[in-house]
Every structure is written in C-alpha cells, then in structure tokens.
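What the coordinates show
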Amino acid sequence: GPGNSKYTDYDKAVVLKTIEWLEAKKKNNRSEPWCLYIGLVAPHFPLVVPQKYFDMYPREKLPDIKLDPNQGYKMHPWIAKQNELRNSNNQFKDDDEKWAAISAYFGLCSFLDDNIGKIVDSVSENGFVDNTTIIYTSDHGDNVGVRGLWGKSNFYEESCSVPLIISGSTIKKGVCRTPVTLMDLSETIVDHFNCKSPNNGPGESLYKIAARPYDKERIAFSEYHASSSISGAYMIRKGKWKYIYYVGFKPELFDLDNDPEETKDLSHLDKYMDIINELKLEPVSYTH
C-alpha cells in the first residue's frame, strides 16, 4: 500500500548521490572517460510506495489478472509444485489487499521512472548528454499475480524478460528484435571503452548485434534450479519460439509472435514436434 520503506528511501539516496557525483565530475574533470553504475531497487518488494504514486493506479483502472487460477487457469505441474513452497497469492488477507499490492507495484514502476528522469536530467544539465551512453536494464521481472504467481523464478515473460534500453548520440532510434541476454551487456561495456574481454565473452556487444539485421537464429538461454525449484528448468529463446524444459515434467512451447502473452502452450501438438526437437537438440554456446 501507500507509504515509505527502507527501499524507497534507499533509491532516493542513490539518486541524490548520483547527481552529486555528476556535478563533481563536471567540476573536476569533465573530459576524462568514466563509467557509472547506478543500482535502484524499485519495484522490488516490499510493495510500499509514496502515496502520489500509489494513487496513479486505482483499482478500477487496473487490468484483470491474466490467467487467474481463480478463473479456471491450471498451472503447469512444475510451477504448481514450486508454488506450493512459496504461495504468496494465498498470503493476502483479502482481495483488497492483493489489489493494493498490484497498485503499489505499478506505483513503484512510476517511482522508478521518476528517479531515472532525475538522473537523465542531471546528465544533461552537467553537459554529458552528447557524449554519454545510457543503458537501462534490470535483473528480472515480476509475475504480479499473473497465473497466481508473485516474484520471479520461472521462464514466463513477466519473470524472465527484462527491459533493455540503450540511448546515446550515435545510436539510431529503433527496436532490435534479436534475442539478447545480460551477458551481452557486460561485453557492451568492454566494447564501449575499446577494450578486449579477457575471456572473449560470454556474450557479444549489443552495439554489434543492433547494427546487424534481425537474427532469428540467435539463442537466448537461461536456467533455474535455485530457491523453491523442485528440479532443474531450462529455457531457450530462438526467433519467435520459446521452449521451456522441466526435468521430470512435460515441457512448454510458446509462439511469442502470435501469442506474446503466453496463453497457449503448443508442446502437446504433433505439428510442433519438429520445432521442439530442434530446440531440444540446439547446442547452446555462450559465445554465440
């Protein structure tokens, strides 16, 4: 619900320190190359946000919960067993509290957006905007009640698809549809300063990937066998296809072009067996 937490206070403090750092850099040595990492925690739990941001998302304006188990949706067996160990959806005292949590989550997104705006304004006001690349990303998403799930720890888009925006004076406006991962981000930073990666990867500079045409063959790979997992789970994204392999359980296959909300698992249909076999046998290379 509405209010302040140590996390919102933390983000405010980080933004102030960032602005102070940029002002000092302008004053002391504006021409020396620099790289600044800024870590903000919103919209992470706890789902508490200052009142004005909470009020931006009243219950009547929120969309219905997608694939709600209370409306008949059946969880994948692996996900259902995982959720038995961490069923946040059943911990709300009532529906009003659950919807307040959703309002707070989206409010925290707007709180984050405001903080990023303050940082970008400072980059501009201190004279760095014409020769600075700004990269915005995250480590994971959040299910926010979709499929009856909260938090992360699965391969649905709400959890594993992260925002990734690169802005700079030499970067053309547009959308790169080629799948990438955060491993490519580390290579981008090395490339930006004309350095060579000591391990030659993993990953590849996003500058190079974005400069090429859409690559439907490039793979994004992820795996999960940590908190609350009952066996290993692995995901391959290739072109429009997302294949999720659960050890000891049936897989899932989604066509993200035609079903971006992942409402239709295609893995049980014979006509997609060739796609499944192709993805199952795909050699995963971290330097692809």
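Below: a short report on this structure.

Moving on, we get to the layout of surface pockets. Quantified by volume, the second largest pocket comes out at close to 1,400 Å³. Lining of the second largest pocket is provided by 46 residues; of these, Val162, Leu164, Thr178, Val180 and Thr181 occupy positions nearest its centre. Secondary structure elements with two or more residues in the lining of the second largest pocket: α5 (157-160), β2 (164-167), α6 (182-192), α7 (206-211), β3 (219-224) and β4 (233-238).

This part takes up the packing of aromatic side chains. Going through the model one piece at a time under the given rule, you end up with nine aromatic pairs. Pairing Trp34 with Phe128 gives two aromatic rings, centres 5.3 Å apart and planes at 80°, and the pair type is edge-to-face. Here Trp34, found in the loop between α1 (6-29) and α2 (51-54), pairs with Phe128, found in the loop between α4 (95-125) and β1 (134-137); they are 94 residues apart in sequence, far enough to count as distant. We classify Phe128 as buried; its relative accessible area is 1%. An aromatic cluster is present here, built from Trp21, Trp34 and Phe128 joined pairwise through their rings. The cationic tip of Arg59 hangs over the ring face of Trp99; the distance from NZ or CZ to the ring centre is 3.6 Å. Geometry around Tyr156 places Arg147 over its ring, the cationic atom sitting 3.8 Å from the centre.

Hydrogen bonds between backbone groups are what pair the strands of a sheet, and the pairing can be parallel or antiparallel. As summarised here, the arrangement of the four strands in space is β3-β4-β5-β6, forming an open sheet in which the pairing is antiparallel. Either end of the sheet is taken by a strand with one partner, and the two such strands are β3 and β6 (252-255). If you compare each strand with its neighbour and ignore which way they point, the axes differ by 10° on average. In this sheet, strand β5 (residues 241-246) lies alongside β4 in antiparallel orientation, the contact comprising six bridges. Considered in β5, the bridge of Ile236 is made with Tyr243. Its contacts with the sheet place helix α8 (residues 273-281) against β4, β5 and β6, and it is angled at close to 70° to β5.

The rules behind the values
Residues numbered from 1 in each chain as written. Predicted model: local features only at pLDDT ≥ 70, side-chain atom pairs only at ≥ 80, totals over all residues. Heavy atoms only, no water. 1 Å grid on protein atoms, 1.4 Å probe; cavity = no way out; pocket = protein on both sides within 12 Å on 5 of 7 lines; lining within 4 Å. Points joined across faces, edges and corners; volume = space filled by probe spheres on them. Helix = DSSP H or I, 4+ residues; strand = E, 2+ residues; numbered from the N terminus. Phe/Tyr/Trp six-rings, centres within 6.5 Å; stacked < 30°, edge-to-face > 60°. Buried < 20%, exposed > 50% of the residue type's maximum accessible area, 1.4 Å probe, protein only. Lys NZ or Arg CZ within 6 Å of the ring centre and 35° of its normal. Pairing = 2+ DSSP bridges. Axes fitted to C-alpha atoms, helices over the stretch in contact; angles between N-to-C directions. Contact = heavy atoms within 4.5 Å.

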